[in-house]
Amino acid sequence: MTTVLDVQRFKEEGRRFAVLTAYDYLSAKILEEAGIPILLVGDSLGMVMLGYPTTLPVTMDEMIHHAKAVARGAHQALLIGDMPFMSYHASVKQAITSAGRFIQEGGMHAVKLEGGGRIVEITQRLTAMGIPVMGHLGLTPQFVHQMGGFKVQGKTEKQAARILSDAKELEQAGAFSIVLEGVPTEVGTSVTQALRIPTIGIGAGPGTDGQVLVFHDMLGLTTGKAPKFVKRYANLAEEIASAAQRYVREVGDGTFPGPEHSYSANGSAGPAKAQRDEVKYGSSV
Ligand code: KIV
């Protein structure tokens, strides 16, 4: 099983690593079997799974619901629960309660929090209690209104210096890694070189220790235009649409179901045939 110590070792050995978001049982199972060592149950699920315009409406209960499903599908990957907006902002006590839920109810191994400043103290407290923390700096989507939109951060010297000092403080507080999102390549690289803990980039260029992408973006399972940092490794939205259109056609013209997808009254004999007569959803479950 991948642990936070392995992630630290990845950096020490100069081994670049891939992280993906996961939101449900089956995708977690497939991604883990494909060799993804770290799965993030990101609050991006609010946008890609639940249709919210930002991540701000996502609740702890929604996150726990998805975290539990991911934990049922993945047993080897390091699982990170993303603390949603207002689940750690009111007090350190609230942060501990929310993080504890991710571990106890959600089956996660660590949590991720956005921002520097006050988050440093929370990181220190959670780490001291045995809850590993992943930081998140740069474009932090929970600050969308303060940033005036989902905009690249760290373009000025002052902003870049702030990201670097926040990163160092989070490292000092015990964070085991930091996501750097939406920053210029120079910032991604210089922060990575200044830290002992690994950085995980998303739109932060090639100089970070690891890379993370949102599951739906990486698979082309979206309907809109992808941001510049996204590489589409598949075009699933198109595949799904064309499969659905074929299904509609075949039901309409009576091609489906054919005899190979239908039961007969006295057709089953022997264990293999009997198994084919089982009525069960999802052949991989
Ligand atoms: O919510 C999320 O999926 C994230 C990643 C994009 C880093 O925070």
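Remember, it's a predicted structure, so these values are computed and weren't measured experimentally.

Each value, and the rule that gives it
Residues numbered from 1 in each chain as written. Predicted model: local features only at pLDDT ≥ 70, side-chain atom pairs only at ≥ 80, totals over all residues. Heavy atoms only, no water. Axes fitted to C-alpha atoms, helices over the stretch in contact; angles between N-to-C directions. Helix = DSSP H or I, 4+ residues; strand = E, 2+ residues; numbered from the N terminus. Parallel < 35°, antiparallel > 145°, perpendicular 65-115°, else oblique. Left-handed = near helix turned anticlockwise from the far one by under 90°. Contact = heavy atoms within 4.5 Å. Nonpolar A, V, L, I, M, F, W, Y, C, P; charged D, E, K, R; others polar. Buried < 20%, exposed > 50% of the residue type's maximum accessible area, 1.4 Å probe, protein only. Polar contact = N/O pair within 3.5 Å; in protein donor to acceptor, adjacent residues only side chain to side chain.

A. Here's a closer look at the packing of helix α2 (residues 25-33) against helix α4 (residues 60-73). At a minimum axis separation of 7 Å, α2 and α4 run at an interaxial angle of 40°. For the element pair α2 / α4, the angle class is oblique. Between α2 and α4 lies a crossing of right-handed hand. On α4, the residues touching Tyr25, Ala28, Lys29 and Glu32 of α2 are Ala69, Val70, Arg72 and Gly73. Residues of the contact of α2 with α4, tallied by class, amount to four nonpolar, one polar and three charged.

B. Just the environment of Asp209, in detail. Checked against the element boundaries, Asp209 lands in the loop between β7 (199-202) and β8 (210-213). Given a relative accessible area of 14%, Asp209 falls into the buried group. Along the backbone, Asp209 and Glu12 are 197 residues apart, and their C-alpha atoms lie at a distance of 9.9 Å. Aside from chain neighbours lying at most four places away, what touches Asp209 is Lys11, Arg15, Arg16, Phe17, Thr192, Ile197, Pro198 and Thr199. At 2.8 Å, the side chain of Asp209 forms a polar contact with the backbone nitrogen of Thr199.

C. Seen up close, the side chain of Thr140. Topologically, Thr140 is positioned in the loop between β5 (133-138) and α7 (144-147). Using a relative accessible area of 7% as the deciding quantity, one classes Thr140 as buried. For Thr140, the residues in contact, after removing those within four places along its chain, are Glu114, Gly115 and Met147.

Shape is all these values report; function is a separate question.
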